[in-house]
Protein chains: 2
Amino acid sequence: MPDTTERRARTRKAARTEDSPMSQTPNSSLSPAGAVPRPAREIRQLCLEGNDAAAHVAYRASEVIAIYPITPSSLMGELADAWSAQGVPNLFGTTPRVIEMQSEGGAAGAVHGALQAGALCTTFTSSQGLLLMIPNMYKIAGELTSTVFHIAARTVATHALSIFGDHSDVMATRQTGWAMLFSSSVQEIMDLALVSHASTLEARVPFLHVFDGFRTSHEIQKIEMLSDDDLRALLPPAAMRAHRERALSPDHPVVRGTAHNPDTYFQAREAVNPFYLATPAHVQRLMDALAARTGRQYHLFDYVGAPDAERVIVAMGSACETIETTLDALVKRGEKVGAVKVRLFRPFDARALFAALPLTTKVISVLDRTKEPGAAGEPLYQDVVTAVLEDAQSASPRFAKTPRVVGGRYGLSSKEFTPAMVKAVFDDAARPTPMNHFTVGIVDDVTHTSLPVDASFRLEEKDVVRAVFWGLGSDGTVGANKNSIKIIGEQTDRFVQGYFVYDSKKSGARTVSHLRFGPDPIRSPYLIEEADFVAVHQFGFLERYDTLALAREGATMLINTPHDPATVWERIPERVRDEIVAKKLRLFAIDAFRLAHEHGMGVRINTIMQTAFFALSGVLPREDAIAQIKHYIQKTYGKRGEVVVKANHAMVDGALAQLHEIKVPAAGSRRAAASQTPAPSTNGNDILARLLAGGGDSLPVSAFPV
Amino acid sequence: MPDTTERRARTRKAARTEDSPMSQTPNSSLSPAGAVPRPAREIRQLCLEGNDAAAHVAYRASEVIAIYPITPSSLMGELADAWSAQGVPNLFGTTPRVIEMQSEGGAAGAVHGALQAGALCTTFTSSQGLLLMIPNMYKIAGELTSTVFHIAARTVATHALSIFGDHSDVMATRQTGWAMLFSSSVQEIMDLALVSHASTLEARVPFLHVFDGFRTSHEIQKIEMLSDDDLRALLPPAAMRAHRERALSPDHPVVRGTAHNPDTYFQAREAVNPFYLATPAHVQRLMDALAARTGRQYHLFDYVGAPDAERVIVAMGSACETIETTLDALVKRGEKVGAVKVRLFRPFDARALFAALPLTTKVISVLDRTKEPGAAGEPLYQDVVTAVLEDAQSASPRFAKTPRVVGGRYGLSSKEFTPAMVKAVFDDAARPTPMNHFTVGIVDDVTHTSLPVDASFRLEEKDVVRAVFWGLGSDGTVGANKNSIKIIGEQTDRFVQGYFVYDSKKSGARTVSHLRFGPDPIRSPYLIEEADFVAVHQFGFLERYDTLALAREGATMLINTPHDPATVWERIPERVRDEIVAKKLRLFAIDAFRLAHEHGMGVRINTIMQTAFFALSGVLPREDAIAQIKHYIQKTYGKRGEVVVKANHAMVDGALAQLHEIKVPAAGSRRAAASQTPAPSTNGNDILARLLAGGGDSLPVSAFPV
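What counts, and at which threshold
Each residue is numbered by its place in its chain's sequence as written, counting from 1. For this description, chains carry letters from A and ligands carry numbers from 1, given in the order in which they are written. Local features in this predicted model are restricted to residues whose pLDDT is 70 or higher, and side-chain atom pairs enter the listing and the counts only when it is 80 or higher, whereas totals over whole chains, interfaces and linings include all residues. No hydrogens and no water enter the side-chain calculation; it runs on all heavy atoms of the structure. The way it works is that DSSP assigns letters per residue, a run of H or I at least four long becomes a helix, a run of E at least two long becomes a strand, and they are numbered from the N terminus. For this analysis, residues touch if any pair of their heavy atoms sits within 4.5 Å. Take the accessible area each of two parts loses on contact, using a 1.4 Å probe, and add the two losses: that sum is the buried area. Counted as salt bridges are all cases of a side-chain nitrogen of Lys or Arg within 4 Å of a carboxyl oxygen of Asp or Glu. For the purposes of these results, a polar contact is taken to be a pair of N or O atoms within 3.5 Å, where, inside protein, one atom must be able to donate a hydrogen and its partner to accept one; residues adjacent in sequence count only when each atom of the pair is a side-chain atom. Any residue outside Ala, Val, Leu, Ile, Met, Phe, Trp, Tyr, Cys, Pro, Asp, Glu, Lys and Arg is labelled polar, Gly included; the first ten of those are nonpolar and the last four are charged. Residue exposure (1.4 Å probe, protein chains only): buried if accessible area is under 20% of the type maximum, exposed if over 50%, otherwise partly exposed. Here, a strand pair is defined by DSSP locating no fewer than two bridges between the strands. Copy-to-copy alignment: least squares on C-alpha atoms, limited to residues at pLDDT 70 or above in both. Inter-axis angles, ranging from 0 to 180 degrees, are taken between N-to-C directions of lines fitted to C-alpha atoms, where helices are fitted over the stretch in contact. As a per-residue measure, pLDDT reflects the predictor's confidence and takes values from 0 up to 100. In this analysis, the expected span of each helix is defined as 1.5 Å times one less than the number of residues it contains. The rule is short: rings of Phe, Tyr and Trp, with Trp giving its six-membered ring, pair when the centres are within 6.5 Å, and they are stacked under 30 degrees, edge-to-face over 60, tilted in between. Working rule: Lys NZ or Arg CZ, within 6 Å of ring centre, within 35 degrees of ring normal, means a charge sits over the ring. Here roughly perpendicular refers to angles of 65 to 115 degrees, roughly parallel to angles under 35, roughly antiparallel to angles over 145, and oblique to all remaining angles. Left-handed describes a crossing in which the near helix is turned anticlockwise from the far one by less than a right angle; the clockwise case is right-handed.

A. Here's a closer look at unusual backbone geometry. In this structure, the amide linkage connecting A:Arg346 to the following residue, A:Pro347, adopts the cis form with an omega of -10°. When you line up the elements, A:Pro347 lands in the loop between strand S12 (344-346) and helix H12 (350-356). The phi dihedral of B:Arg204 falls on the positive side, at around 60°, and the residue is not glycine. As for its placement among the helices and strands, B:Arg204 is situated in the loop between helix H6 (186-203) and strand S7 (207-212). Although it is not a glycine, B:Lys584 adopts a positive phi angle of roughly 55°. You can see B:Lys584 is positioned in the loop between helix H18 (574-582) and strand S21 (586-590).

B. Spatial organisation of the interface of chain A and chain B. Each partner contributes to the interface: chain A provides 93 residues, whereas chain B provides 93 residues. By the criterion of area lost to chain B, the three top residues of chain A are A:His159, A:Tyr265 and A:Phe266, representing 10% of everything that side buries. The tally of links between chain A and chain B comes to 4 salt bridges. Across the salt bridge formed by A:Lys371 and B:Glu270, the nearest N and O atoms sit 3.0 Å from each other. Linking chain A with chain B are 49 residue pairs in polar contact (both at pLDDT 80 or more), by the criterion used here. The set of elements that each furnish at least two residues to the side of chain A that touches chain B consists of helix H4 (127-142), helix H9 (265-270), helix H10 (273-294), helix H13 (379-392), strand S14 (404-410) and strand S15 (438-440) of chain A. For the side of chain A that touches chain B, the class distribution of residues is 45 nonpolar, 30 polar and 18 charged.

C. Local environment of the pairing of strand S16 (residues 465-472) of chain A. Residues and elements named next belong to chain A. Across the 8 residues that make up S16, a large majority, 7, are buried. Of the pairings in the sheet, the one linking S16 to strand S18 (residues 510-518) comprises 8 bridges and is antiparallel in character. Counted as the bridge partner of Leu 472 is Arg 510 from S18. Examined bridge by bridge, S16 and strand S19 (residues 531-536) share 4 bridges and lie parallel to one another. Opposite Val 468, over in S19, you have Val 534 as the bridge partner.

D. Geometry of the pairing of strand S1 (residues 45-49) of chain A. All names here are of chain A. With 5 of 5 residues buried, S1 is to be regarded as a mostly interior element. Covered by surrounding structure in S1 are Gln 45, Cys 47 and Glu 49 together with Leu 46 and Leu 48, the residues of both alternating faces. Where S1 and strand S8 (residues 220-224) come together, 5 bridges link them in antiparallel fashion. In the sheet register, Gln 45 faces S8, and the bridge partner there is Glu 224.

E. Just the relation of the copies chain A and chain B, in detail. Between the two copies, chain A and chain B, the superposition gives an RMSD of 0.1 Å; the rotation angle is 180° and the shift along the axis is 0.0 Å. Both copies of the chain, as the preceding transformation shows, are related through a two-fold rotation axis. By residue overlap, the copies meet face to face through one surface: 100% of the interface positions of chain A are interface positions in chain B.

F. Geometry of the sheet that holds strand S2 (residues 64-67) of chain B. All names here are of chain B. Pairing is mixed across the open sheet formed by 7 strands, whose spatial order is S3-S2-S4-S5-S7-S6-S12. Each edge of the sheet is formed by a strand with only one pairing partner; in this case those strands are strand S3 (97-100) and strand S12 (344-346). Direction aside, neighbouring strands of the sheet carry axes that sit 20° apart on average. One ladder, built from 4 bridges, connects strand S4 (residues 121-125) with strand S5 (residues 148-153); its direction is parallel.

G. Quick look at the confidence of the model for chain A. All names here are of chain A. This prediction gives chain A a mean pLDDT of 90; 91% of its residues lie at or above 70. In this model residues 670-681 is a low-confidence stretch, pLDDT under 50, and it forms 10 contacts with partners more than four residues away in sequence or in other chains. Our summary of model confidence lists the complex with pTM equal to 0.91 and ipTM equal to 0.91.

H. Representation of the side chain of A:Thr477 within the structure. Residues and elements named next belong to chain A. Considering the arrangement of structural elements, one finds Thr 477 in helix H15 (residues 477-491). We classify Thr 477 as buried; its relative accessible area is 1%. In this structure Thr 477 touches Phe 469, Gly 471, Leu 472, Ser 513 and His 537, once residues within four positions along its chain are discounted.

I. The environment of A:Tyr68, seen in detail. With respect to the secondary-structure elements, A:Tyr68 resides in the loop between strand S2 (64-67) and helix H2 (74-85). In contact with A:Tyr68, other than residues within four places in its own chain, are A:Met101, A:Gln102, A:Ser103, A:Glu104, A:Ala107 and A:Phe124.

J. Examining the pattern of salt bridges more closely. Residues and elements named next belong to chain B. Inspection of the entire model under this criterion finds 74 salt bridges over all chains. Across the salt bridge formed by Glu 598 and Arg 594, the nearest N and O atoms sit 2.5 Å from each other. Of the two residues, Glu 598 and Arg 594 both sit in helix H19 (residues 592-598), 4 residues apart, roughly one turn of that helix. Taking relative accessible area as the criterion, Arg 594 reaches 37% and is therefore assigned partly exposed.

K. Here's a closer look at helix H13 (residues 379-392) of chain B. Residues and elements named next belong to chain B. A rise of 1.5 Å per residue sets the reference length of H13, with its 14 residues, at 20 Å; its end C-alpha atoms lie 20 Å apart and thus fit the reference within 8%. Counting buried positions along H13 yields 12 of 14 residues, so the element is predominantly enclosed. Along H13, the residues that are buried comprise Pro 379, Leu 380, Tyr 381, Gln 382, Asp 383, Val 384, Val 385, Thr 386, Ala 387, Val 388, Leu 389 and Asp 391.

L. Highlighting the environment of A:Phe417. Residue and element names in this part refer to chain A. Among the structural elements, Phe 417 can be located in the loop between S14 and helix H14 (419-429). For Phe 417, a relative accessible area of 4% translates into the label buried. Each C-alpha atom of the pair Phe 417 and Pro 525 lies 8.2 Å from the other, and the pair is 108 residues apart in sequence. Apart from the residues lying within four places of it in its own chain, the contact partners of Phe 417 are Ala 319, Thr 322, Ile 323, Leu 367, Tyr 410, Val 422, Val 440 and Tyr 526.

M. Structural context of the packing of aromatic side chains. All chains considered together, the criterion is met by 28 aromatic pairs over all chains. The interplanar angle of 35° and the centroid separation of 6.0 Å between the aromatic rings of A:Phe517 and A:Phe613 together place this pair among those described as tilted. With A:Phe517 in strand S18 and A:Phe613 in helix H20 (residues 606-617), this pair connects stretches of sequence that are 96 residues apart. Accessibility assignment for this pair places A:Phe517 and A:Phe613 in one class, buried. Centre to centre, the rings of B:Phe541 and B:Tyr545 are 5.2 Å apart; their planes meet at 75°, and the pair counts as edge-to-face. This pair shows no difference in class: B:Phe541 is buried, exactly as B:Tyr545 is. Within the aromatic cluster, the residues linked to one another by ring pairs are A:Phe469, A:Phe517, A:Phe533, A:Phe613 and A:Phe614. Stacked on the ring of A:Phe495, the Lys or Arg A:Lys222 has its end atom at 5.2 Å from the ring centre. Above the ring of B:Tyr545, the side-chain terminus of B:Arg510 is found at 4.6 Å from the ring centroid.

N. Structural context of the packing of helix H11 (residues 319-332) of chain B against helix H14 (residues 419-429) of chain B. Residue and element names in this part refer to chain B. Running from N to C, H11 and H14 point in directions that differ by 70°, and their axes come no closer than 9 Å. For the element pair H11 / H14, the angle class is roughly perpendicular. For the pair H11 and H14, the crossing hand works out as right-handed. Between H11, through Thr 322, Ile 323, Thr 326, Leu 327 and Leu 330, and H14, the contact on the second element is made entirely by Pro 419, Val 422, Lys 423 and Phe 426. Split by residue class, the contact of H11 with H14 holds 6 nonpolar, 2 polar and 1 charged.

O. Focus on the packing of helix H21 (residues 622-637) of chain B against helix H22 (residues 642-658) of chain B. Residues and elements named next belong to chain B. At a closest axis distance of 9 Å, the pairing of H21 and H22 adopts a crossing angle of 155°. With respect to H22, the element H21 is oriented roughly antiparallel. Crossing of H21 against H22: the hand is right-handed. Across from Arg 622, Ile 626, Ile 629, Lys 630, Ile 633, Gln 634 and Tyr 637 in H21, the residues of H22 making contact are Val 644, Val 645, Asn 648, His 649, Val 652, Asp 653 and Leu 656. For the contact of H21 with H22, the class distribution of residues is 8 nonpolar, 3 polar and 3 charged.

P. Geometry of the sheet that holds S14(A). Residue and element names in this part refer to chain A. Spatially, S9-S11-S10-S13-S14-S15 is the arrangement adopted by the 6 strands of the open sheet, whose pairing is mixed. Because the sheet does not close on itself, it has two edges, and the strands there are strand S9 (301-305) and S15. Direction aside, neighbouring strands of the sheet carry axes that sit 25° apart on average. Together, S9, strand S10 (311-315), strand S11 (337-342), strand S13 (363-368) and S14 form the strand contacts of helix H11 (residues 319-332), whose direction differs from that of S11 by roughly 160°. The sheet contacts of H14 involve S10, S11, S13 and S15, and relative to S10 the element is tilted by about 130°.

Right under this line is the structure:
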């Protein structure tokens, strides 16, 4: 929370501008056209992850928060619990009551009960947790009750459990009568969380606010915080009062939760229609109100791309960021392509979708991040198909020639979705007969659904510094990187992005940190594909993993090694040496464990490795960077006295002194040619070996037992 | 079970013929064309309700049955439990193990576990019970495990709980990857239960076998039983063996229930595709095998109606029976109308749907028995839309001009769906711009979605005897009627149908029995609209309910009354007397309570009222009817000695002697004109009064608070 420590605000007075070759058309008939003038105001920018952004708004707008932790949404409940314990007040000056229940079923029931007592309520969940809430969700929606559930969307367990992200959980609730608003980035989470809390009060339809689990939920971005004034400005006082007045009370007794018979149920069920019909307009009005305060204009469906696009992707969630990044490049090349970002998935406003689509659209490729075996098609695809056929059969169709609609699946269980995959979708849409019901991101050699992807198509921008760090789950690597992000994101005007790939085995296994730093907002919700800097914090990893797979030619490599600078080259596995030579890397080594031990820090190598990164990466000028680290140490350890601060400062200086560049020979070893990835094979032992070496992504469908 | 008492078989050797003006086109390319020759065989015909028919097959085909009772599916579990306790064997000669769990979540988990041990398993549920099974359903499907859940589909609680039927529960599971096969009648339940159990073994996709709760689940019909030989002929031994061999076992260890990471989950998820693609063909092949044995041919989608139909309804569940009955009449009049009965809803085989639709189709009206507020459309509608647009955009579209598709909701929470409503749908489809997203069966005066219905359009056939009985929940009325159905259905060649309308308050409240008897199979899964016979077993009901609303002109009325035949006319409320006169009813009275008391039967009036019904209704010749009752008494009470049998026989004779015709005056009272139903009004007290009087069906949407 802004009121607690650890966050530092930086204020500025400037409207960010979008340098894009594309039109950002105001595309909903519900909102005023044109750019939104934004009043000058104090802007606080912080670096936080998506769960934190959602919890920020949810906590301040709620009085009762029932929780049950489940990955990857746990942080939201944990933060709310901690803030409540600290007595952090909500917008109304009271401290929200946070209750941990026995399961998500109980959490949903507790929310339902508290809502009936007139409280403003929220909860957070994912995956199976959401499934257990379904019975209560029908009741809450049927009774037209205002609440928001924030969902870090996660794969529902099928053939295997997965803690990673896709939309299979939220799609399992699309029939319950809840509104569903999707956020694509951390900034959007903060913004649309507020729109959700405000809209549900106006509309009396409960909202799921959805973002991609183990992507946006855990991605750190520098965002503009919404202030309490922003929240107060959007949350409608009259609707809030009406919500409270609907509380069950002996003062004005009403009966709810009755049983209906066939004579009346149907009619009473249809009585909700006006509320659903009115919901999209409420959402748009509140999006417009947000834009008036912040300059960030959202629509129910946001179009980006060429104004005369012929091929248009429709998608939701973090994929929209990747698509927009790719469009930047493709439109510059003159391709007639575009995309519709779906914000409000339910209630589905087909009219608003059509208003967003360019009249030149010939092929619509709908991307669903879920799989429903046996269905006529995935959910978003079927909705777009419905909208298109209904338009074509209406009295005055919008399109002279009905666009062709195809659908595909991507990104199941956090499978990477990259610019190359976006391009593959657009490329296929340009074919005379585009594939329908395709997959993208895998090789399906069984039912042949997959689109070919040109992996060499990459869009890492020149002015962005990309750094990858290999660490152990508990060695401080992630913490150090989060510090670096805060220093750069909150102390400078650069934009930052951090994402941390944990193995699902968590503590003790490897973690790979992916950090980007650049002059513009970073819309790349996928792992780094070409790194400028690769740090290996555990020397043993060189043997086990292909740590240099992401290193670009000429990149900088930093190794934490116990070996002497003079001998370290010989200690590096031959395969890695070959790759260093072939990619013309600059190589640096530091013995961080010895240095930490000498400074009485035990095995805590985080400050040392962070110093080395700042010294080598060029994200900031070296002197500035070191000054910032020292400043941060002062801030963090100042309370513990000058001695501690000095010891840490000494360690920073020591790190700089002990950082050695290792001379890389001009030619590799005789085995250079043999270091290539072996050709795909589906022999059982091979599969296991490739999985362990981190090569699972390249395994085709046929490699898997059913 | 056939092995237990109470059921009597009647054998005959004859193929039933369908006297229909309509073509019954063999409409799936998957099955051979033409009528199916059926070998002469012994046919056992029994009268049973839908739950009983499903349990019959499920029990015989299973080894482990995990249950948790929920209305309206409870009977299936209760029967299985009772049969297991009696040691009734399954097809394999063992007694199924029936386990009642702590909830439906536990039942689904127990099934999942038993399946992993290689057992053949089933369970039965409805509504919220099914919702609690969703997490396990994803796992069972994801692991490609064969099982069948039999679902008496029931409304999910929303603004109010309802124990009645619609498809909102099963639609909440359509994304789980289960196959879904729908039965429309009791005969179909027996047949498609077997097809489900056989198909799941062949396909390795789990099946939901679905029928309409509180309609087909509780409707009694005379059906042809499937024999054990029939079951054995369809259940595939090799697939059954393969299912058992997939059991987890230390002899051939495999790992299941693992966790996947982003590298492999997506590919492994797509590995199931071939199984889903193959499922429809398995189902059709087994439907064909069933037809070869029984003469009853089903297809994935069955077309009925005019071969050159221009307006076609697509629907599933019991509505298909009503639609077919209505088509009989409309096609005779020369209307170009037809319908597609959806059997296999998942996997959705668009090709088979298209093969079923006549090429002359201009308008497709899709009927969904569920409501999904905020969706682009209800599920079946969206599937048909998807099929139509994909066909239109294919290389060789089947239709020269793409048919218009509209969708509507009907029958929520067992709201009646009658021939007049079917006609309303066809009539609207004939308009230049048919309504889309309509409702039918209610008056929606708020968002104006409802189609106008001409309630005078009724299709009660002349040669069918229709009888309505008003009783108290525990006074034996329902039991007596079930007896009558058994006597007529199983002792004669007439067809029967029984449906019992309970108030959801169950015991102690009124029950209205609706019985039809006729020479042909009865396809009328809706309440009687014009009764030939109305019995009121509680004299007090005359005051409280509009007991004669369904009586046709010239019908027979039977009253159980304590009053003397000479004075009973004066004791009847004036409003009722007026109606008796106006409708020219014949009126009979009997003092059943006194008679029962005199014969030492306490308040058990069931045999007396049944005797009176047989004497008056003309379903059977009077002498035959009485002989049948006495025969049945002999059969039921024979074991308890000659004295008991004689006492009951004496009571039958006494009933005949004490049955008095009451002279009805030629003219009514002065208040005749005032007895009309008051005009609709939505004043709160009026609403309550109309609800209590049984007039809730006529209340419009605006009458209900949101």
